[in-house]
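Each chain, written out:
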Amino acid sequence: MTKAAEITLVDYGMANMLNVARAFRHCGAEIRVVESAAEAGPAERLVVPGVGAFEKSIRAVREKGFDEFIRRHVETGRPFLGVCVGMQMLFEASEEFGEHQGLGILPGRVARVPSVDTAGEPQPVPHIGWSALVPAQAERSWEGTLLADHQPGASSVYFVHSFAARPADEGDMLADCLYGGHRICAAVQRDNICATQFHPERSGEIGLSVIRRFLSL
């Protein structure tokens, strides 16, 4: 019998842990939830979800010692997945409610989703709902990535966010969505580091396929 993939799920008090854990268990993973770095120990695969404001999230991560724990895990080369704010915190800084330093694992910043579309008309922020994924660049292949099971433009996933990452390195950018004609970074992947702005745990079978891909890394 094939051994189930083991997931360490970081609980820093700013995520919908129940839905995330349920989705991973549905995909066959064994879940270990940790509430502080002191109790964490080595992780086979590390998942950092998140909802809400960047500043409160990164402060909670630091208070619980998860900032260095995440960095050490990434350095091991073992798989890492950040979701929503868990993705945003990987970057150098966010402008949400002021200037706040991120983990600096990936170069780039987090900025507000545009409040007008490309035609200059107002559009709602936060961006809430289902949007299709497209490659971040024309030459960016999804083969061997979290999105390997999907055709560009054919798979829609669920978003709820007012801010989004703007990676400085185009090579990190895996997928975008279009919101009011603007490209919004929807997913990044660099070596063992994977992250999504959308919520796989709320994206139906499409999201579950992303989770299964992560479990196969």
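See the structure shown above.
(A) Up close: the sheet that holds strand S7 (residues 108–112). One open sheet accounts for 4 strands, arranged S6-S5-S7-S11; its pairing is mixed. Unpaired on one side and paired on the other, strand S6 (100–101) and strand S11 (163–167) mark the two borders of the sheet. Where S7 lies against S11, 5 bridges are found, and the strand directions are antiparallel. Within S11, the residue paired with Ala111 across the bridge is Ala164.

(B) Examining the side chain of Ser155 more closely. Tracing the chain through its elements places Ser155 in the loop between strand S9 (134–135) and strand S10 (156–161). In terms of polar contacts, Ser155 uses its side chain to reach the side chain of His150, at 3.2 Å.

(C) Quick look at the sheet that holds strand S1 (residues 6–10). Pairing is mixed in the open sheet, where 8 strands are placed in the order S2-S1-S3-S4-S14-S13-S12-S9. Edge positions in the sheet fall to strand S2 (30–34) and S9, since each of these pairs with one other strand and no more. Examined bridge by bridge, strand S13 (residues 182–190) and strand S14 (residues 193–196) share 4 bridges and lie antiparallel to one another. Paired with Arg190 across the bridge in S14 is Ile193.

(D) Focus on empty space enclosed by the protein. Taken as a whole and judged by the stated rule, the model has 1 cavity of 30 Å³ or more. Its boundaries defined by the atoms lining it, the largest cavity holds a volume of some 30 Å³. In this structure, the largest cavity is lined by Ala15, Asn16, Val20, Pro49, Gly50, Val51, Val83, His199 and Glu201. Of the residues belonging to the lining of the largest cavity, the class tally is 5 nonpolar, 3 polar and 1 charged.

(E) Summary view of the packing of helix H1 (residues 17–26) against helix H6 (residues 204–216). Interaxial distance between H1 and H6 falls to 9 Å at its minimum, and their mutual angle equals 70 degrees. Judged by the inter-axis angle, H1 sits roughly perpendicular to H6. Of the two elements, H1 crosses H6, and the hand of that crossing is right-handed. Touching Ala23, Phe24 and His26 of H1 are Leu208, Ile211, Arg212, Phe214 and Leu215, all from H6. Residues of the contact of H1 with H6, tallied by class, amount to 6 nonpolar, 1 polar and 1 charged.

(F) Summary view of unusual backbone geometry. Note the cis peptide between Val125 and Pro126, where omega equals 15 degrees. Locating Pro126 in the fold gives a position in the loop between S7 and strand S8 (127–132). One non-glycine residue, Cys84, lies in positive phi territory at about 60 degrees. In this fold, Cys84 is placed in the loop between strand S4 (80–83) and helix H5 (85–88). Unusually for a residue other than glycine, Asp191 sits at a positive phi of about 50 degrees.

(G) Representation of the environment of Ser162 in the model. With respect to the secondary-structure elements, Ser162 resides in the loop between S10 and S11. Along the chain, Ser162 and Arg62 lie 100 residues apart, while their C-alpha atoms are 23 Å from each other. What Ser162 contacts, discounting residues up to four positions off in sequence, is Arg112, Val113, Val125 and Pro126.

(H) A look at the layout of surface pockets. Its volume calculated, the largest pocket comes out at about 170 Å³. Every residue lining the largest pocket is counted, 13 residues in all, and those nearest its centre are Gly52, Val85, Val160, His161 and Ser162. Of all the secondary structure elements, the ones that give two or more residues to the lining of the largest pocket are H5 and S10.

(I) Representation of the environment of Ala60. Counting through the fold element by element, Ala60 comes out in helix H3 (residues 54–63). Classification of Ala60 by relative accessible area gives buried; the value is 12%. Placed 49 residues apart in sequence, Ala60 and Asp11 show a C-alpha to C-alpha distance of 9.7 Å.

(J) A look at the nonpolar core. Ranked by internal contacts, the top residues of the largest apolar core, which has 69 residues, are Phe24, Phe66, Ile70, Met89, Phe198, Phe214 and Leu215. With sequence-adjacent residues up to four places away left out, Ile70 is seen in contact with Leu46, Val48, Val61, Phe80, Leu103 and Ile105.

What counts as what
- Residues numbered from 1 in each chain as written.
- Predicted model: local features only at pLDDT ≥ 70, side-chain atom pairs only at ≥ 80, totals over all residues.
- Heavy atoms only, no water.
- Pairing = 2+ DSSP bridges.
- Helix = DSSP H or I, 4+ residues; strand = E, 2+ residues; numbered from the N terminus.
- Polar contact = N/O pair within 3.5 Å; in protein donor to acceptor, adjacent residues only side chain to side chain.
- 1 Å grid on protein atoms, 1.4 Å probe; cavity = no way out; pocket = protein on both sides within 12 Å on 5 of 7 lines; lining within 4 Å.
- Points joined across faces, edges and corners; volume = space filled by probe spheres on them.
- Nonpolar A, V, L, I, M, F, W, Y, C, P; charged D, E, K, R; others polar.
- Axes fitted to C-alpha atoms, helices over the stretch in contact; angles between N-to-C directions.
- Parallel < 35°, antiparallel > 145°, perpendicular 65-115°, else oblique.
- Left-handed = near helix turned anticlockwise from the far one by under 90°.
- Contact = heavy atoms within 4.5 Å.
- Buried < 20%, exposed > 50% of the residue type's maximum accessible area, 1.4 Å probe, protein only.
- Core = buried A, V, L, I, M, F, W, Y, C linked by side-chain atoms within 4.5 Å.

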